[in-house]
Amino acid sequence: MAFWGRILKRALQPARPSSDAAALCSSYSTNAPPQLPRFDHLPKPYKGPSADAVLEKRKKFLGPSLFYFYEKPLNIVEGKMQYLFDESGRRYLDAFAGIVTVSCGHCHPEVLDAIIEQSKLLQHATTIYLHHAIGDFAEALTSKLPGDLKVVYFVNSGSEANELATLMARMYTGNLEMISLRNAYHGGSSGTIGLTALNTWKYSIPQGEIHHVMNPDPYRGPFGSDAKAYARDVQDHIDFGTSGKVAGFIAETIQGVGGAVELAPGYLKLVYDIVRKAGGVCIADEVQTGFGRTGGHYWGFETQGVIPDIVTMAKGIGNGLPLGAVVTTPEIASVMAQKIQFNTYGGNPVCSAGGHAVLRVIDKEKRQAHCADIGSHLISRLKELQQKYDIIGDVRGRGLMLGVELVTDRKEKTPAKAETLHLFEKLKDLGVLIGKGGYDGNVFRIKPPMCFSKDDADFLVDALDYSMSKL
Amino acid sequence: MMNDGGNRIENRVDGLFNKFCINIVDGKKQYLFDEEGRRYLDAFGGIATVCCGHCHPDVVSAVVKQMNRIQHSTVLYLNHAIADFAEALASKMPGDLKVVFFTNSGTEANELALMMARLYTGCQDIISIRNGYHGNAAGTMGATAQSIWKFNVVQSGVHHTLNPDPYRGVFGSDGEKYAKDVQDLINFGTSGHVAGFISEAIQGVGGIIELAPGYLPAAYSTIKKAGGLCIADEVQSGFARTGSFWGFESHGVVPDIVTMAKGIGNGIPLGAVVTTPEIAEVLTRRSYFNTFGGNPVCTAAGLAVLNVIEKEKLQENAHVVGSYLKERLLSLKDKYELVGDVRGRGLMLGLELVTDRKLKTPAKTEIVHVMEQMKDMGVLVGKGGYYGNVFRITPPLCFTKEDADFLVDAMGYTLSKM
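Just so it is clear, the model here is predicted, and its values are computed rather than measured.

Digging into the packing of aromatic side chains
- Tallied over the full model, the rule gives 27 aromatic pairs over all chains.
- Seen in terms of ring centroids, A:Phe424 and A:Phe444 are 6.5 Å apart; in terms of plane orientation they differ by 20 degrees. Their pairing is stacked. With A:Phe424 in helix H14 (residues 417-430) and A:Phe444 in strand E18 (residues 443-446), the pair connects residues that are 20 residues apart, well separated along the chain. Grouping residues by exposure puts A:Phe424 and A:Phe444 together as buried.
- Both rings, one in B:Phe197 and one in B:Tyr215, keep their centres 6.4 Å apart while their planes meet at 50 degrees; by these two values the pair is tilted. Highlighted residues: B:Phe197 in strand E7 (residues 196-200) and B:Tyr215 in helix H8 (residues 215-225), separated in sequence by 18 residues.
- Using a relative accessible area of 0% as the deciding quantity, one classes B:Phe197 as buried.
- On the accessibility criterion, B:Tyr215 (0% relative accessible area) is buried.
- Each residue in the set A:Phe69, A:Tyr70, A:Phe96, A:Phe424, A:Phe444 and B:Tyr77 is aromatic and connected to the rest through ring pairs, giving one cluster.
- For A:Arg91, the ring lying beneath its charged end belongs to A:Tyr83, and the centroid distance is 4.6 Å.

Topic: the domain arrangement of chain B
Residue and element names in this part refer to chain B.
- Partitioning chain B into structural domains gives domain 1 (7-37 + 313-416) and domain 2 (57-311).
- Relative to domain 2, the C-alpha centre of domain 1 lies at a distance of 26 Å.
- Of the residues lining the interface, 33 residues belong to domain 1; the matching set on domain 2 comes to 30 residues.
- Considering only the side of domain 1, the residues that lose the most area to domain 2 are Gln-315, Arg-345 and Met-348, jointly responsible for 27% of the buried surface there.
- Our count for the domain 1 to domain 2 interface comes out at three salt bridges.
- Across the pair Lys-326 and Glu-210 runs a salt bridge, and its minimum N-O distance is 3.9 Å.
- At the junction of domain 1 with domain 2, the criterion picks out 20 residue pairs in polar contact (both at pLDDT 80 or more).
- Listed by contribution, the elements that provide at least two residues to the side of domain 1 that touches domain 2 are helix H1 (6-16), helix H11 (314-335), strand E13 (339-345), strand E14 (348-356) and strand E18 (390-393).
- Of the residues that constitute the side of domain 1 that touches domain 2, the class distribution is 13 nonpolar, ten polar and ten charged.

Examining helix H7 (residues 175-189) of chain B
- Compared with the 21 Å implied by 1.5 Å per residue over 15 residues, the 21 Å span of H7(B) between its first and last C-alpha is a close match.
- In this structure, the buried side of H7(B) is in contact with strand E5 (126-129), strand E6 (158-161) and H8 of chain B.

A closer look at the pairing of strand E12 (residues 324-328) of chain A
Residues and elements named next belong to chain A.
- When you tally the buried positions in E12, you get five out of five residues, the bulk of the element.
- The side-chain alternation of E12 yields two buried faces, one formed by Gly-324, Val-326 and Thr-328 and the other by Ala-325 and Val-327.
- Here strand E4 (residues 151-155) runs beside E12; their pairing, made up of five bridges, is antiparallel. For Phe-154, the partnering residue across the bridge sits in E12 and is Ala-325.
- Note: strand E11 (residues 310-313) against E12, four bridges, orientation antiparallel.

Side note on the pattern of salt bridges
- This model, assessed by the stated rule, comprises 35 salt bridges over all chains.
- A:Asp390 serves as the salt-bridge partner of A:Arg410, at 3.8 Å between the closest nitrogen and oxygen. Of the two residues, A:Arg410 sits in the loop between strand E14 (401-409) and strand E15 (414-415) while A:Asp390 sits in the loop between helix H13 (367-388) and strand E13 (392-398), which places them 20 residues apart along the sequence.
- The exposure class assigned to A:Arg410 is partly exposed, which follows from its relative accessible area of 36%.
- The exposed category is assigned to A:Asp390, whose relative accessible area is 58%.
- Its salt-bridge partner being B:Asp409, residue B:Arg328 comes within 3.1 Å of it at the nearest N-O pair. With B:Arg328 in helix H11 and B:Asp409 in helix H13 (residues 401-416), the pair connects residues that are 81 residues apart, well separated along the chain.
- Look at B:Arg328 and you get partly exposed, because its relative accessible area is 23%.
- Classification of B:Asp409 by relative accessible area gives partly exposed; the value is 42%.

What counts as what
Residues numbered from 1 in each chain as written. Chains lettered and ligands numbered in written order. Predicted model: local features only at pLDDT ≥ 70, side-chain atom pairs only at ≥ 80, totals over all residues. Heavy atoms only, no water. Phe/Tyr/Trp six-rings, centres within 6.5 Å; stacked < 30°, edge-to-face > 60°. Helix = DSSP H or I, 4+ residues; strand = E, 2+ residues; numbered from the N terminus. Buried < 20%, exposed > 50% of the residue type's maximum accessible area, 1.4 Å probe, protein only. Lys NZ or Arg CZ within 6 Å of the ring centre and 35° of its normal. Domains from an automatic or database assignment. Contact = heavy atoms within 4.5 Å. Buried area = accessible area lost by both parts, 1.4 Å probe. Salt bridge = Lys/Arg side-chain N within 4 Å of Asp/Glu carboxyl O. Polar contact = N/O pair within 3.5 Å; in protein donor to acceptor, adjacent residues only side chain to side chain. Nonpolar A, V, L, I, M, F, W, Y, C, P; charged D, E, K, R; others polar. Expected span 1.5 Å × (residues − 1). Pairing = 2+ DSSP bridges.

What follows is the structure in structure tokens.
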């Protein structure tokens, strides 16, 4: 009995990583599939519509353009911390966090408390009246930012935040041209669709005075990690494509939708300089990288040693609440007083209370350090996996914002699109919900709720190992 | 502060924000409470947003229940809440309007609507009505047509047509005459073909201006002949506020695209675009995605709102109490020279103050004074219009006759002391 008990216990525990990659080879190649780490939560019994019924209604009432993951899409009915549950009560490891959005964890009790308490008092009255929640939250948020970044505008999404940031840049500088990076994603509204630079997301409508510069992509870029060479392209665009003066530059520090691409080290410092000399302001899109996710720093831009003029945020800011924000300096904010700019829902008491709770949780639970910790463990295990499987072309990112790029040929870097899709499905079958991105859809995006544990990380890598071994 | 009538801008900003500093900490039904526990009648509804009433138990419980289960996972996975709400919403729509897109605000909804119209028609030109408000992002700022809301940035592709304003417009209430301006703009300002036309059924920010009778059918017809789509911005007039479920219904038209926000979720950040399957198809050309849009909590709230509106017969209440309120406001007009015009439908009413009835000179300082006085008496109203001289009365739809009486009495009392 004890013998079987030990075997069972071993089987339930993910294999401990060793420095010897060869030792890993034996772990999940031929044995039984890895098991989810234990979790003490029983989902409520689900009595609602089935996956098929929901899918049918979606097709009928939500349009043909609404896409979804997986051949057989999952009916996700419940969430708890870093796990999701489907209609049958089956548990999954959420390695994508509703697209880098659920920062504290699904239904995090402290965040829920704040939201529910406020919902019972006052949900909405708008900022034409006073309410403490918005001021308190703005104060707490700005205390996390360096320099003179202390004026906050609350909006309802990343798109709205980037729209406002662009407006500010143009108003403040009096210039028109905006610069963004190829492979970036900044939103889907009229202005932001222009900043977004991936054709999948760009509809055929006029998109204004935007210049898309070479992506300082260490893996696929023509200059490798040579930041200077990429920065020269920005100067080039300014010199030859604009009047010589620009409104601003916007970039994610680690491109999200674009496939967890880290900007070549030193790039932002050089470019910020160039842009400011051309009269422009520098906007850091922290919609995905913000709030401690990158581990080493609270904000992604800090990893590049710069201080932007405007910072935009959304997604993780509210753990899933429809909330976004733009933070800038009083000087830049002052130009907004020329006209009236108003956001009806923005800064409502419930979202402000929720956002504030998120900040407290991240601090109290030391999520930033945790991301650094788990992130580096995850990266090292993924890099070991990279030594084992040729299909892993690149492993990159920081903290809990990671990417694994799959290629069929390491030299040519041919995107392994079909294989990625296949593994994507297999991972789901094993109980791992991962993200997908990149121009060719061949990058796994690993951006879980920031309460992701070491055991979760091991399980994820083991699941990857197992599925890849079966390819 | 900028020029462009700097004083006017300062007044407007002051009037909106500085002089009206009350700390609102609690809300229940059609009442708000300040930090001292003082109760106010909320005749503005958080800008026509709180339709069921502050902290309506059905809506709150739907939100809480869903929050405790799952808040957010995106539409990449299935969840019944979004599907159920989309179905219920579509059932409120006439014709072939049955495909729903969820966003987080009115601005996002209008942005998407404008993009769809441009993609569907292959044309760029949009026509919107002067004095209209549609949002503040790049595209919607162009459609918005009041200088105070338009920053000095490029806003191409939009033409602003004459406002069919029965009170201040050049053609009085002759809707068809105004509609001719639409044809004029198309003939002389565009290639002859347009992407579409967007309008509110009753202008909200613009000061509760009802489009002159006969206007919308004529304008729609003109736009359709030019190959364009008709977009109805129901952000303020939707969800039973005007006594009809949708504002456009009272104009006897069926739009091609309908946008909504504000009342849709009783205050939760939610917006939507409803259109036909044919038009919706354009988005399949590329990918459009809204991370927060359609999340289980907001859609659960939206469904609860629809149920409350039906269960508590809020549409009927808006019509009955609204008509009563309008009549009482009209009696104020009979009594006080300062009241230039009373207009609107259901619980979307406006009262314009003028210092001279013939010249219709906006009573800008007087309105601020009355607004302050009313606040002191316990009534919170809204303000709008190009000159900031229109009271906007858009309370939660559970507003009662007694509330209406109190509002009018408070206003009457203030006016009598001037």
